[in-house]
Amino acid sequence: VMDFDVNAVRAQFPILNQMVNGSPLVYLDSAATTQKPQSVIDAITDYYTGYNSNVHRGAHALADKATIAFEAVRQKVAAFINSPAPEQVLWTRGTTESINLVAHSWGDSHIGEGDVILVSELEHHANIVPWQILAQKKGAKVVPIPLTDAGDIDQQAFTALLTDKVKLLAVSHVSNALGSVNPVKAMVAQAKEKGITTLLDGAQAVAHFPIDVQALGCDFYVFSGHKLFGPTGIGVLWGQKELLASMPPYQGGGEMIETVSFEGTTFNGLPFKFEAGTPHIEGVIGFGAAIDFLATLNHEQVAAHEADLMAYIIEQAKACTGLTLIGQAAHQAGAFSFLLEGAHPADVGMLLDQQGIAVRTGHHCAQPLMSRFNIPGTVRASLSIYNTRDDIDRLFAGLEKAKQFLL
Ligand code: PMP
């Protein structure tokens, strides 16, 4: 097997080749959004220059071309996550909308008074707040599974919380703030034994390892295109077919109907029942190019490259005086969070930015997780396929400079 050629990968991402505040850009914020390869940018331009049309109902060549391209991506995404059928892949605006769709459509008909929705303490707000809104409407409760000090979901506590009241388990596959990879397959299996419906938030997982929804055994799997080298505004709700088929529509409008009259309206089948209105066509087409781009890479090589970078980060972090790692989960992917003693995360982020190093600071939309560790926020560096050991060296050299300035 040939070694992973990170420079060949980097060459496909034009945005990386620029100066920021006088230094070459080091982009360590891929957990917020990944950069886009030229092929994704080109696919969107080709669509607008060559075959822009509305999909599904056109009576002309451009509309046919757009419809075929649009539906081909659904098949690509289905194959990418090993969905048994393409109609189980529903387009949404992203992870957030996918979860809200489930909370409204499934939640309205399945959650009642006294029911429990089990999440974990490390969830992104997108996997907390929609359930709180639902719970408030229904008189149900959102209960968090506690974490260990290392930032792993406490599995003993999880087992103890699996009571008959629990109707839904909604947890993330990978934590956006800590990078912890959660043992979701085992957790789903345990929940399924009790007849509990399961949703996995894959927003941070999809870019780092192959996803097989059938092997995971979950009922719903959700993610965003923009964290997977695709455009913003496009995401996926994957669901078990019978479950999706039994759920009421989320929004009403065009596309999602079969017949409409003032006596009554009948709804379209999957996936269109959940896709009211003109969809994000350019987003879907760009997303398809992102999946094609991923198919040109070797998964084992990518995983080995990212594991090498993560190990290199942890090694350097341990040698960096005054640096405290937040969370040291058994298995970590993509992101790592830390604090510099005596320095506010926002100041660290600003001083890194002045050196062209892009990280994220703050609570990372995971305030309960920050509370768990008694901190207001962290500095988060997150990795992707285009990062190098040189980026990590720049980060730690940047931190040394920041320390001189701050301490
Ligand atoms: N869940 C997790 C774990 C995330 O990292 C994110 C994005 N930061 C989201 C949900 C929300 O994704 P989006 O903003 O693309 O809807």
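Residues numbered from 1 in each chain as written. Predicted model: local features only at pLDDT ≥ 70, side-chain atom pairs only at ≥ 80, totals over all residues. Heavy atoms only, no water.

Going by what an unreviewed UniProt entry lists, the chain is known as Cysteine desulfurase and is assigned to Marinagarivorans cellulosilyticus. Regarding the chain, the UniProt comment filed under Sequence similarities (unreviewed entry) reads as follows: "Belongs to the class-V pyridoxal-phosphate-dependent aminotransferase family. Csd subfamily." UniProt, in the comment section headed Cofactor (unreviewed entry), describes the chain in these words: "pyridoxal 5'-phosphate". (UniProt positions renumbered as here; feature names shortened; annotations may be inferred.)

Participant: Could you clarify how one ought to interpret the site of the ligand in this entry?
Facilitator: Taken together, G94, T95, T96, H124, A126, N176, D201, A203, Q204, S224, H226 and K227 form the complete shell of residues around the ligand. The contact in question runs from a nitrogen atom of the ligand to an N or O atom on the side chain of H124, over 3.3 Å. One of the side-chain N or O atoms of S224 is found 2.7 Å from an oxygen atom in the ligand. Burial of the ligand by the protein amounts to 86% of the accessible area it has alone, namely 400 Å². By residue class, the composition of the shell around the ligand is two nonpolar, eight polar and two charged. (Near = heavy atom within 4 Å. Polar contact = N/O pair within 3.5 Å; in protein donor to acceptor, adjacent residues only side chain to side chain. Areas by Shrake-Rupley, 256 points an atom, 1.4 Å probe, with all protein chains shown as cover. Nonpolar A, V, L, I, M, F, W, Y, C, P; charged D, E, K, R; others polar.)

Participant: Just to check I follow, could you spell out the packing of helix α4 (residues 95-110) against helix α5 (residues 129-138) for this structure?
Facilitator: Packed helices, taken two at a time, are described by their axes: the angle between them and the distance between them. Relative orientation of the contacting elements α4 and α5 amounts to 20 degrees, with a least axis distance of 9 Å. The angle between α4 and α5 falls in the class roughly parallel. At the point where α4 passes α5, the crossing takes the right-handed sense. For the pair α4 and α5, contact is made by I99, N100, V102, A103, H104, G107 and D108 and by P130, W131, L134, K137 and K138, respectively. In the contact of α4 with α5, the residues fall into six nonpolar, three polar and three charged. (Axes fitted to C-alpha atoms, helices over the stretch in contact; angles between N-to-C directions. Helix = DSSP H or I, 4+ residues; strand = E, 2+ residues; numbered from the N terminus. Parallel < 35°, antiparallel > 145°, perpendicular 65-115°, else oblique. Left-handed = near helix turned anticlockwise from the far one by under 90°. Contact = heavy atoms within 4.5 Å.)

Participant: Teacher, can you tell me more about the sheet that holds strand β14 (residues 335-340) here?
Facilitator: Strands in a sheet are paired, the pairing made by backbone hydrogen bonds, and the direction either parallel or antiparallel. Taken together, four strands build an open sheet; the order of strands is β13-β14-β17-β16 and the sheet is antiparallel. Here the strands that pair on one side only, and so sit at the sheet edges, are β13 (323-326) and β16 (360-362). Across this sheet, the average inter-strand angle for adjacent strands is 30 degrees, counted without regard to direction. The pairing of β16 with strand β17 (residues 378-382) spans three bridges and is antiparallel. Bridging from a neighbouring strand, G362 pairs with T378 of β17. Strands in contact with helix α11 (residues 299-319) are β13 and β14; relative to β14, the strand with the most contacts, it is inclined by about 10 degrees. (Pairing = 2+ DSSP bridges.)

Participant: Can you help me understand the UniProt feature "domain: Aminotransferase class V" (unreviewed entry) in the chain in this one?
Facilitator: According to UniProt, the "domain: Aminotransferase class V" (unreviewed entry) feature falls on residues 26-395. Its end C-alpha atoms 8 Å apart, residues 26-395 is made of 39% helix and 17% strand.

Participant: Would you mind showing me how to read the packing of helix α2 (residues 38-51) against helix α10 (residues 281-295) here?
Facilitator: Close contact between α2 and α10 brings their axes to 8 Å; oriented N to C, the two are set at 140 degrees. Judged by the inter-axis angle, α2 sits oblique to α10. As for the relative orientation of α2 and α10, their crossing is right-handed in sense. Note on element contacts: α10 touches α2 through I281, E282, I285, G286, A289, A290 and F293, opposite S39, V40, A43, I44, Y47, Y48 and Y51. Of the residues that constitute the contact of α2 with α10, the class distribution is eleven nonpolar, two polar and one charged.

Participant: How should the sheet that holds strand β8 (residues 197-201) be read in this particular structure?
Facilitator: Across the sheet, which stays open at both edges, the seven strands sit in the order β4-β10-β9-β8-β7-β5-β6 with mixed pairing between neighbours. Because the sheet does not close on itself, it has two edges, and the strands there are β4 (89-92) and β6 (141-145). Ignoring which end each strand starts from, the neighbouring axes of this sheet average 20 degrees apart. As paired strands, strand β5 (residues 116-120) and β6 are joined by five bridges and run parallel to one another. Bridging from a neighbouring strand, V116 pairs with K141 of β6. Along the sheet face, helix α7 (residues 184-193) touches β6, β7 (166-172) and β8 and points at about 165 degrees away from the line of β8.

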